[in-house]
Amino acid sequence: ILNVEQSPQSLHVQEGDSTNFTCSFPSSNFYALHWYRWETAKSPEALFVMTLNGDEKKKGRISATLNTKEGYSYLYIKGSQPEDSATYLCAFYNAGNNRKLIWGLGTSLAVNP
Amino acid sequence: DGGITQSPKYLFRKEGQNVTLSCEQNLNHDAMYWYRQDPGQGLRLIYYSQIVNDFQKGDIAEGYSVSREKKESFPLTVTSAQKNPTAFYLCASSRRNSGNTIYFGEGSWLTVV
């Protein structure tokens, strides 16, 4: 059974704190790992699509790392701002015969001003 | 602006009635998807289409139907056979398959009364 797990489930931080979340996924048949940000009342928005082991990507204050051999990815937010408050979703795309995108439940981040 | 448009945003349906949710994209994407979200669950795939006039069942296709007569349009019909249709529905598209970045609409809330 292919499963994607995200932790923590929710997180409250103060403005200016740095934070990170984890996405765990199967370490076999890896093709791609996606990160999305989903703000309330808006569409989920793509942050990163990562394909290479050891890859690191950055978008402003947000960065992500990928370890396909051990099956995890970290998302980091440096100096959290209230506008970073959202649910952060990861999704694993497998390379097997039955290719599918499997979503985690997300990490809900609340940044207090 | 390029993007995905879903309509209606909110819809109430009486039990026993079919209802169709509209999804249009002007991104020239080949692949389109319908997801359902329920509280405490990750996004679950209902149907997807990788090319015009072709579509495949996702994980929870029972009680739903789709068509892909045009590249830009992928409507979802929730039939009376769907036992628990009250949910939030998201339409999405990508360039070719789920290994590429997924772009989402803003979603449709369906309530059965």
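Everything in this summary refers to the structure shown in the same document.

The rules behind these values
- Residues numbered from 1 in each chain as written.
- Chains lettered and ligands numbered in written order.
- Predicted model: local features only at pLDDT ≥ 70, side-chain atom pairs only at ≥ 80, totals over all residues.
- Heavy atoms only, no water.
- Helix = DSSP H or I, 4+ residues; strand = E, 2+ residues; numbered from the N terminus.
- Contact = heavy atoms within 4.5 Å.
- Phe/Tyr/Trp six-rings, centres within 6.5 Å; stacked < 30°, edge-to-face > 60°.
- Buried < 20%, exposed > 50% of the residue type's maximum accessible area, 1.4 Å probe, protein only.
- Lys NZ or Arg CZ within 6 Å of the ring centre and 35° of its normal.

**So, the environment of B:Cys91**
Phase 1 of the analysis: As for its placement among the helices and strands, B:Cys91 is situated in strand β9 (residues 87-94).
Phase 2 of the analysis: Ignoring sequence-local partners within four residues, the contact set of B:Cys91 consists of B:Ile4, B:Gln6, B:Cys23, B:Met32, B:Tyr33, B:Trp34, B:Tyr103, B:Phe104 and B:Gly105.

**Topic: the packing of aromatic side chains**
Phase 1 of the analysis: In total, this model carries 17 aromatic pairs over all chains according to the counting rule given.
Phase 2 of the analysis: Ring geometry for A:Phe25 against A:Phe30: centres 5.5 Å apart, planes inclined by 35°, an arrangement best described as tilted.
Phase 3 of the analysis: Residue A:Phe25 is classed as buried on the basis of its relative accessible area, which comes to 6%.
Phase 4 of the analysis: Exposure remark for A:Phe30: the relative accessible area of 18% places this residue in the buried category.
Phase 5 of the analysis: In this structure an aromatic cluster arises from ring pairing among A:Tyr36, A:Trp103, B:Tyr33, B:Tyr35 and B:Phe104.
Phase 6 of the analysis: B:Arg68 extends its terminal NZ or CZ atom over the ring of B:Phe74, reaching a point 6.0 Å from the ring centre.

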